[in-house]
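Notes for the structure review
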Amino acid sequence: MPLGGRAGGEAGGDEDDGRDALHILPLSILPLETPGLRRARLIKNVRLETVAELFNDVQTGSGQIRIDQLPKCFGHDGPESAPDPGPEFRRDLRKIGQIAESASFDVYSLRLELRRLNIAVDEAGALRLSAAKRAELTSYMRVFTRPLIEHVYGAQGASISSMDELIRLFAQPDVEEARRRLQLTADRLDIPLLEIPAFLEEYADIFLSLAYFKRCLDDIVPDVQGFLGWMAELYRVSEVRRDARQGRMLDEIGHDLTDISTSITGRFESFDNRSRDFWRDINPQSFRSIRDLIVTHHLTIGGVLCGLAVKMNLWKHRFSRGGGPIHRLEFIRSEILPGLAHIKTIEQASRNNMGM
């Protein structure tokens with residue numbers, strides 16, 4: 001059945017926000033058969049649990065329920081005389097329950113999870129970042145497009161400002177030297193010259209995912225540093241000085257957040273180095289190697305960044321103006337600590353897989 005959303009795969013407003021977020025999944029993306037369900041969305045709460053959000057506005061706030069409560073909201077969980085929900089509703093709930101287990105709802109992680117679950121989704125439409133987000137990431141993409149431009153166009157490529165423009169130029173190169181270099185690239189990749197634009201599309205998508213995650217990281221790291229400074233102020237209050245357990249909790253949280261941030265930043269530096277190596281020695285194996293490396297890490301990068309983003313966003317929302325020590329300690333204990341060990345476990349496992 002067709003996907004929800006607007007024609008051409010480009011949504012607007014809230015749906016754009018959802019597809020660009022780490023922690024939000026508009027259910028209109030999924031091929032659901034129950035119209036009412038497609039108006040809701042899944043979100044990650046601060047404990048990194050997936051809940052269904054039925055509404056969200058300034059006046060009423062966010063209406064969140066557990067996934068297993070969805071039948072009640074749609075009139076399918078009553079006395080024995082209540083109507084049977086039907087096979088369509090049961091199939092929808094099964095799909096929602098499966099995808100709810102994902103560690104992150106970014107479009108790149110969702111692609112992998114939906115394929116694994118054999119849930120058919122139009123990836124070219126629903127599972128793409130919004131046009132606004134792609135434009136925002138242009139400066140991040142230059143890190144990965146610059147060696148490509150220099151490889152084919154040399155200094156003449158300095159004016160190319162986006163990957164879309166680059167792909168159009170490669171599809172119809174108007175410089176003889178560029179054609180010669182493109183043919184050389186095709187030969188080294190062992191593909192026909194006519195397939196170069198398709199190769200570049202794949203290259204662009206893979207590195208757009210890195211640019212997206214890098215932008216998320218650059219937003220999150222300053223928040224983590226700000227939170228650590230805010231938390232460190234508690235070491236001076238009497239409640240912490242008198243209770244060693246409180247101090248140990250703050251020590252452990254500070255160590256974990258610092259370790260996670262440092263580790264995932266190091267992973268991105270490794271990706272940058274390997275992408276530069278690819279352009280020094282272009283061949284089919286080197287491209288497959290870097291492609292597989294990045295795709296393999298989508299799920300873990302998404303999971304770590306999603307977890308950090310949800311916690312830091314709530315901290316900024318709750319404590320934009322300081323907060324007393326008792327409230328701070330309770331927030332740290334009840335909202336920051338739960339799930340933090342899981343984030344650390346994901347990052348440690350991924351770091352070990354990269355040999356870092």
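Focus on the state of the cysteines
A complete count under the given rule lists zero disulfides for this structure. Among the cysteines around Cys306, which has no disulfide bond, Cys216 carries the closest sulfur, lying 9.6 Å off.

Focus: unusual backbone geometry
Leave glycine aside and you will find that most residues have negative phi; peptide bonds, for their part, are mostly trans. Although it is not a glycine, Leu48 adopts a positive phi angle of roughly 65°. Looking at the element boundaries, Leu48 is found in the loop between β2 (41–44) and β3 (50–57). Within the chain, Asn118 stands out as a residue other than glycine whose phi angle is a positive 60°. With respect to the secondary-structure elements, Asn118 resides in the loop between α4 (107–116) and α5 (131–136).

Quick word on the sheet that holds strand β1 (residues 24–26)
The strand order across the open sheet formed by four strands is β1-β2-β3-β4, and the pairing between neighbours is antiparallel. The open sheet has two free edges, formed respectively by β1 and β4 (61–65), since each of these has just one partner strand. Neighbour-to-neighbour, the strand axes of the sheet open up by a mean angle of 35°, direction not taken into account. Bridging between β3 and β4 involves five bridges; their strand directions are antiparallel. The residue bridging Glu53 from the neighbouring strand is Gln64, located in β4.

Rules and cut-offs
- Residues numbered from 1 in each chain as written.
- Predicted model: local features only at pLDDT ≥ 70, side-chain atom pairs only at ≥ 80, totals over all residues.
- Heavy atoms only, no water.
- Disulfide = S-S within 2.5 Å.
- Helix = DSSP H or I, 4+ residues; strand = E, 2+ residues; numbered from the N terminus.
- Pairing = 2+ DSSP bridges.
- Axes fitted to C-alpha atoms, helices over the stretch in contact; angles between N-to-C directions.

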